[in-house]
Amino acid sequence: MPNPTSLTIRRPDDWHVHLRDNQMLAACAVHTARQFARAIIMPNLVPPVTKVAEASAYRDRIRRAVPADLKFEPLMTCYLTDGADPVELARGKNEGVWVAAKLYPAHATTNSAHGVTSMDKVAKGLEAMEKAGMPLLVHGEVTDPDVDIFDREAVFLDKVLTALVKRHPGLKIVLEHITTKEGVAFVEAHPKQLGGTITPHHLSYNRNALFKGGIRPHFYCLPIAKREEHRLALRRAATSNSASFFLGTDTAPHTTDTKECACGCAGVFNAPVAMQVYAQVFAEEGKLDRLEAFASLNGPRFYGLPPNEERITLHARPMDVPDRVEVPGGGKDITVFHPDTPVGWSF
Ligand code: DOR
Ligand code: ZN
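Residues numbered from 1 in each chain as written. Chains lettered and ligands numbered in written order. Predicted model: local features only at pLDDT ≥ 70, side-chain atom pairs only at ≥ 80, totals over all residues. Heavy atoms only, no water.

Draft legend 1. Fine view of the coordination of the zinc ion (ligand 2). Protein-derived ligands of the zinc ion (ligand 2) are His-16 (NE2), His-18 (NE2) and Asp-250 (OD), with the metal-ligand distances lying across 2.1 Å. Donor residues for the zinc ion (ligand 2) sit on one chain with the sequence pattern H-x1-H-x231-D. The exposure class of His-18 is buried, given its relative accessible area of 7%. (Donors = N, O, S within 2.8 Å, 3.2 Å for Na, K, Ca; no water. Buried < 20%, exposed > 50% of the residue type's maximum accessible area, 1.4 Å probe, protein only.)

Draft legend 2. How the structure looks around the site of ligand 1. Residues in contact with ligand 1, as listed here, are His-18, Arg-20, Asn-44, Thr-109, Thr-110, His-139, Cys-221, Leu-222, Ala-252, His-254, Ala-266 and Gly-267. Side-chain polar atom of His-139 to an oxygen atom of ligand 1: 3.2 Å apart, as the coordinates give it. Leu-222 is positioned such that a nitrogen or oxygen atom in its backbone is 2.7 Å from a nitrogen atom of ligand 1. Here ligand 1 occupies the largest cavity. (Near = heavy atom within 4 Å. Polar contact = N/O pair within 3.5 Å; in protein donor to acceptor, adjacent residues only side chain to side chain. 1 Å grid on protein atoms, 1.4 Å probe; cavity = no way out; pocket = protein on both sides within 12 Å on 5 of 7 lines; lining within 4 Å. Sits in = over half its atoms within 2 Å of the grid points.)

Draft legend 3. How the structure looks around helix α5 (residues 152–167). Taking 1.5 Å per residue as the helical rise, α5 with its 16 residues ought to reach 22 Å, and the 22 Å between its terminal C-alpha atoms agrees with that figure. If you look at α5, its biggest bend is around 40°, right at Val-160. For α5, every residue scored as buried is listed here: Arg-152, Glu-153, Phe-156, Leu-157, Val-160, Leu-161, Leu-164 and Val-165. Where α5 is buried, its residues meet β5 (98–103), α4 (123–132), β6 (136–138), β7 (173–175), α6 (181–189) and β8 (194–198). (Helix = DSSP H or I, 4+ residues; strand = E, 2+ residues; numbered from the N terminus. Expected span 1.5 Å × (residues − 1). Bend = angle between axes of the 7 residues up to and from the residue. Contact = heavy atoms within 4.5 Å.)

Draft legend 4. Structural view of empty space enclosed by the protein. With the rule as written, the count across this model stands at three cavities of 30 Å³ or more. By volume, the largest cavity amounts to about 130 Å³. Lining the largest cavity are 18 residues, and of these His-18, Thr-109, Leu-222, Asp-250 and Ala-252 sit closest to its centre. Of the residues in the lining of the largest cavity, the class split is six nonpolar, nine polar and three charged. Approximately 60 Å³ is the volume attributed to the second largest cavity. (Points joined across faces, edges and corners; volume = space filled by probe spheres on them. Nonpolar A, V, L, I, M, F, W, Y, C, P; charged D, E, K, R; others polar.)

Draft legend 5. View of the pairing of β8. By the criterion of burial, β8 is predominantly enclosed, with five of the five residues buried. Taken together, β7, α6 and β8 constitute a β-α-β crossover, and its handedness is right-handed. Note that β8 and strand β9 (residues 245–247) share three bridges and pair parallel. Paired with Thr-197 across the two strands is Phe-246, which belongs to β9. (Right-handed = clockwise from strand over helix to strand, strands pointing away. Pairing = 2+ DSSP bridges.)

Below, the structure is given as structure tokens:
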């Protein structure tokens with residue numbers, strides 16, 4: 001069947017977003033809120049969001065940063081540190097502040113210095129989450145410098161996640177921003193316990209894109225893009241209609257100067273183009289009829305939330321992708337993700 005020329009679906013949610021704070025928040029919040037009704041907000045601020053009161057105050061700042069005409073609900077997460085307090089975790093969940101908690105292995109990625117050094121050190125916190133029905137969101141990479149960067153996700157599944165699912169069988173877990181066929185298989189093997197999010201950029205390019213014609217820092221993120229066979233596995237998973245896979249953009253803004261330098265930051269800023277790129281991918285796969293499940297139904301189902309009632313319409317007409325978004329005050333900007341192939345869908 002040929003693709004339709006427009007597609008109306010329930011308003012989607014983004015289950016993995018970095019909004020930052022202060023002027024970066026002011027620059028970025030509108031782009032996520034234009035596309036998504038709700039978003040899981042990552043807690044890797046400096047310092048990280050570890051207390052209920054901090055998350056509640058951050059949620060207020062996000063709400064204030066979103067234009068009043070946009071309906072948007074930030075869903076807050078707790079940054080797990082060694083010795084994470086089980087009482088604070090359960091209390092925040094019961095008070096309706098925490099929706100989930102985030103596990104960063106220490107030093108795995110941006111602002112993860114306060115992350116977890118060993119799973120034993122968060123076992124009590126995870127037990128409390130299991131009891132409270134609070135999902136664990138996992139950055140699934142080992143941090144051992146002796147493990148090749150392209151193997152760090154697959155090794156994490158073997159060395160950490162396999163034991164974790166056994167030790168906490170009642171804990172719901174999201175393996176975030178999966179980048180490998182092993183990640184896909186792991187999620188598929190644990191349909192009751194695990195979900196997996198997939199970003200628009202990992203669906204769009206493989207690791208060759210990082211070096212095409214020179215080093216391209218705006219394609220660099222963590223986990224890093226892998227070989228083509230892995231990108232194809234992600235495309236199959238996202239468009240498979242399996243309820244285990246759902247949308248999480250991992251939009252991760254850094255100012256252009258901190259990406260284009262000798263030691264550039266990891267993160268792809270895709271918020272202004274996210275749904276358009278997902279639609280492009282699903283259209284390329286001939287599976288547009290499955291976009292609504294991936295973008296608007298599977299995530300709420302995993303989190304036990306109702307799907308959104310509003311609808312959005314995407315059209316099969318090319319999008320003019322903006323080059324950059326200005327950060328107010330200070331003259332800096334954030335470079336927007338541009339896939340290497342044209343984006344043929346837009347609002
Ligand atoms: O590329 C990334 N950027 N991966 C992460 O896990 C963190 C994120 C960020 O905060 O910039
Ligand atoms: Zn992230």
